[in-house]
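Here is how the chains run, residue by residue.
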Amino acid sequence: MALPNSFKRFLFRSSLVPPHNWRKAAIVLVAMIVGLGFFILKISNATSYLSDDPQACVNCHIMTPQYITWTHSSHREVTDCNSCHVPHDNVVNKYFFKAKDGLYHASVFTARMEPEVIVAKQASANVIQNNCIRCHQDQVTDAKTEAFVADHLENRTGRTCWDCHREVPHGRVRSLSAIGAQIEPIKEYSPKDLSIVPSWLKESMDNSKTSN
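Residues numbered from 1 in each chain as written. Predicted model: local features only at pLDDT ≥ 70, side-chain atom pairs only at ≥ 80, totals over all residues. Heavy atoms only, no water.

Lay out the overall build of the protein in plain terms, naming residues and giving numbers.
Helices and strands together make up the secondary structure of the protein, namely ten helices and zero strands. Going from the N terminus to the C terminus, the protein shows its helices and strands as α-α-α-α-α-α-α-α-α-α. The buried share among the 212 residues of the protein stands at 24%. Of the accessible surface of the protein, which amounts to about 15,900 Å², a share of 62% is contributed by carbon and sulfur atoms. (Helix = DSSP H or I, 4+ residues; strand = E, 2+ residues; numbered from the N terminus. Buried < 20%, exposed > 50% of the residue type's maximum accessible area, 1.4 Å probe, protein only. Areas by Shrake-Rupley, 256 points an atom, 1.4 Å probe, with all protein chains shown as cover.)

Requested: an account of the side chain of S124, with residues and values cited.
With respect to the element layout, S124 can be found in helix α6 (residues 122-135). Non-local contacts of S124, meaning those with residues more than four positions away in its chain, are made with F97 and D101. (Contact = heavy atoms within 4.5 Å.)

Before we move on, could you go through the state of the cysteines and cite the residues and values that matter?
Counting across every chain of the model gives zero disulfides. C132 supplies the cysteine sulfur nearest to C84, a cysteine that is in no disulfide, at a spacing of 6.2 Å. No disulfide involves C132; its sulfur sits 4.3 Å from that of C161, the nearest cysteine. Using a relative accessible area of 22% as the deciding quantity, one classes C132 as partly exposed. (Disulfide = S-S within 2.5 Å.)

Please provide a residue-by-residue account of the pattern of salt bridges, values included.
Evaluation of the coordinates by the stated rule reveals one salt bridge. When the shortest N-O distance is used, the salt bridge between D52 and K94 registers 3.6 Å. Placement of the pair is D52 in the loop between α2 (23-43) and α3 (64-71) and K94 in helix α5 (residues 91-110), with a sequence separation of 42 residues. (Salt bridge = Lys/Arg side-chain N within 4 Å of Asp/Glu carboxyl O.)

Before we move on, could you go through the packing of aromatic side chains and cite the residues and values that matter?
Overall, the coordinates contain one aromatic pair when judged by the stated rule. Look at Y67 and W70: their rings are 6.0 Å apart centre to centre, the planes differ by 40 degrees, and that puts the pair in the tilted class. Taken together, the positions of Y67 and W70, both in helix α3 and three residues apart, correspond to about one turn of that helix. Exposure class is identical for Y67 and W70. Each is buried. (Phe/Tyr/Trp six-rings, centres within 6.5 Å; stacked < 30°, edge-to-face > 60°.)

Please provide a residue-by-residue account of a nonpolar patch on the surface, values included.
Taken together, V30, V34, F38 and L41 make up a surface patch of nonpolar side chains, about 390 Å² in accessible area. Positionally, L41 belongs in helix α2. The class for L41 is partly exposed, based on a relative accessible area of 47%. (Patch = residues over 30% accessible without salt bridge, like charges linked within 9 Å, V, L, I, M, F, W, Y side chains within 5 Å.)

Can you break down α6 residue by residue, with the values?
Taking 1.5 Å per residue as the helical rise, α6 with its 14 residues ought to reach 20 Å, and the 20 Å between its terminal C-alpha atoms agrees with that figure. Listed in full, the buried residues belonging to α6 are S124, A125, V127, I128, Q129 and N131. (Expected span 1.5 Å × (residues − 1).)

Describe unusual backbone geometry, and please don't skip the residues or the numbers.
Of note, the amide linkage connecting V168 to P169 takes the cis form, showing an omega dihedral of -10 degrees. Structurally, the position occupied by P169 is in the loop between α9 (152-157) and α10 (199-211). Its identity as a non-glycine residue notwithstanding, R112 has a phi of 55 degrees, on the positive side. Mapped onto the elements, R112 comes out in the loop between α5 and α6.

Break down α5 for me, with residues and values.
If you check α5, its first and last C-alpha atoms are 28 Å apart, about what 20 residues at 1.5 Å a residue would give, namely 28 Å. Along α5, the residues that are buried comprise K94, F97, K98, D101 and V108. Axial view of α5: buried residues confined to an arc of 100 degrees, hence all on one face. Of the exposed residues in α5, the ones pointing more than 90 degrees away from its buried face are V91, V92, F96, L103 and T110. Buried-residue contacts for α5 involve α4 (81-85) and α6. For α5, the N-terminal capping position is held by N90, with its side-chain oxygen 3.1 Å away from the main-chain nitrogen of V92. Phi turns positive one or two residues past the end of α5, at R112, with a value near 55 degrees. (Arc of directions from axis to C-beta. Polar contact = N/O pair within 3.5 Å; in protein donor to acceptor, adjacent residues only side chain to side chain.)

What follows is the structure, given as structure tokens:
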């Protein structure tokens, strides 16, 4: 389908169309940029960040300590990363904050400037604190606790929850060096036939079923 003449005139008038002898090179350059963009989206598994799958957070590996410690905590049964680390007041704010945080993390990782121990910045700390209160509303406003715990209101509102609950949910092991070898398979980087059950045990179980 031919482009309208008015649109063509706009392109030429705005110098958005290169001179005739440069058009082939311009087409190749644009194609390379678009292709590179799609390649980056594919290699970074970008679509996974639209989900709530915690394994999306370890695509770049630097969050492996946080992921592994979470999988061995009680929070694993009731939360995922987004439950604590993004706002839940509305969908727009959720994905805006997630995109802003994700771009920052990706930039730091690409430049190889990640710290040995990751510490939440103030904006993230505020979100985490609000989500702690959102989920544990009954506990932090418990009238019985208010009655017998000295300065309960000040302690509850004047400090973050993890000032006291320091090992929830990531435990003490938080540095990149401390976790050693990866001890939890990551779906994105594991073979499809990976199983935590050894082959010899599978065969033994199958033989046992057959004999019975």
